Amino acid sequence: MARASTREAPNLQQEAQTIVAQMRETVARGDGRWLLAVLEAIGRWPLAQEQVGDRHYSYLVGGEAFDWLLLAERLCDELEGLIPQDECDDLLFRGWLPVEVADDDFQRCLGMAKYRAHLNFLYGVRVEEAVQLAMQEEVQKERLSRIWENGRVDDEVCRRLYGRTRDELLQPFRSEHPLSAGHLSLAEWTEFTYWLFRYRVGHADPARVASDTRKGVALLSYLEARARRAASFGLR
């Protein structure tokens, strides 16, 4: 996935348009394998970021973590009316694949470089969010069991995981990243979460990093299983 120079960008954009056209043609044939067509398009996709209408898409977080579902969203917009809306919603909003795809096949479709970048995103963003949530639950349980300290929960979570408050962490992050004024956008929060992951790995005790990460993975798996059970009872 290239970071195109001004000179190269038109060629890469043309290549992307060709990939979209071929994907639409494959899906329009109606063999029911639209997900495979999308995954193969993702594997061939040449752009790390692009502007589509009023929306800016940035598929690489921190220059190394690949948000493949964001690219899938962009590609599914090109397939409106050609794919089942409920399957598309499950993919984009829940990360549920409409058909079972073996990990080897998923890796083959994305290619080794994108697959490794996908793992960076999985652990650096999704698991890191779960690590924070697991720590938040620990802090809240302590506050229910005894009266102490009136500070913000998110600051206590950050102190335990990263050794500093959220505002103290935002200062160096802002100095490294050009950000919009005011509140961080969703894309900027994603960048911040990945930055926090790298900060935790670089500053915390390795055994503590591994322990907290295991808690995050376990919580993420639990939440996924609970969501699927709810869906099986029609509680989407």
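Just so it is clear, the structure is predicted and the values come from calculations on it, not from any experiment.

Definitions and limits used
Residues numbered from 1 in each chain as written. Predicted model: local features only at pLDDT ≥ 70, side-chain atom pairs only at ≥ 80, totals over all residues. Heavy atoms only, no water. 1 Å grid on protein atoms, 1.4 Å probe; cavity = no way out; pocket = protein on both sides within 12 Å on 5 of 7 lines; lining within 4 Å. Points joined across faces, edges and corners; volume = space filled by probe spheres on them. Helix = DSSP H or I, 4+ residues; strand = E, 2+ residues; numbered from the N terminus. Nonpolar A, V, L, I, M, F, W, Y, C, P; charged D, E, K, R; others polar. Salt bridge = Lys/Arg side-chain N within 4 Å of Asp/Glu carboxyl O. Buried < 20%, exposed > 50% of the residue type's maximum accessible area, 1.4 Å probe, protein only. Contact = heavy atoms within 4.5 Å. Core = buried A, V, L, I, M, F, W, Y, C linked by side-chain atoms within 4.5 Å. Arc of directions from axis to C-beta.

If you add up the space inside the second largest pocket, you get close to 190 Å³. Arg 33, Leu 35, Leu 36, Val 99 and Val 101 are, among the 13 residues lining the second largest pocket, the residues nearest its centre. Elements supplying a minimum of two residues to the lining of the second largest pocket: helix 2 (34-44) and helix 5 (103-110). Per element, the largest residue contribution to the lining of the second largest pocket is three residues, and it comes from helix 2. Considered class by class, the residues forming the lining of the second largest pocket number eight nonpolar, one polar and four charged.

Here the focus is the pattern of salt bridges. Tallied over the full model, the rule gives 14 salt bridges. Residue Glu 50 is joined to Arg 74 by a salt bridge in which the shortest nitrogen-to-oxygen separation is 2.8 Å. Residue Glu 50 is located in strand 1 (residues 49-52), and its partner Arg 74 is located in helix 3 (residues 68-77); the two are separated by 24 residues in the primary sequence. As far as burial versus exposure is concerned, Glu 50 and Arg 74 are alike and both buried.

What follows concerns the side chain of Arg 166. Turning to its location among the elements, Arg 166 is positioned in helix 8 (residues 166-176). Not counting residues up to four positions away in its chain, the partners in contact with Arg 166 are Asp 154, Asp 155, Cys 158, Trp 189 and Phe 192.

The next point concerns the nonpolar core. Counting residues in hydrophobic clusters, the biggest one holds 35 residues, and the most contacted among them are Ile 42, Trp 45, Phe 66 and Leu 75. Of all the secondary-structure elements, those providing two or more residues to this core are helix 1 (9-28), helix 2, helix 3, helix 4 (85-94), helix 5 and helix 6 (112-145). If one sorts the elements of this core by residue count, helix 2 sits on top with seven residues. Those residues in contact with Ile 42 that sit more than four places away from it in its chain are Phe 66, Trp 68, Leu 71, Ala 72, Leu 75, Leu 110 and Lys 114.

This part takes up helix 4. Buried within helix 4 we find Cys 88, Asp 90 and Leu 91. For helix 4, the buried positions fall inside an angular range of 160 degrees around the axis, keeping them on one side. Along helix 4, the residues that are exposed and aim more than 90 degrees away from the buried face are Asp 86 and Phe 93. Turning to helix 4, the residues buried within the fold contact helix 2 and helix 3. After helix 4 finishes, the residue Gly 95 shows a positive phi value of roughly 75 degrees.

Moving on: the environment of Gln 132. On the secondary structure map, Gln 132 appears in helix 6. With relative accessibility at 16%, the residue Gln 132 sits in the buried group. In sequence terms Gln 132 and Asp 212 are 80 residues apart; their C-alpha atoms lie 9.0 Å from each other. Contacts of Gln 132, omitting those with residues within four sequence positions, involve Val 157, Leu 161, Tyr 162, Thr 193 and Leu 196.

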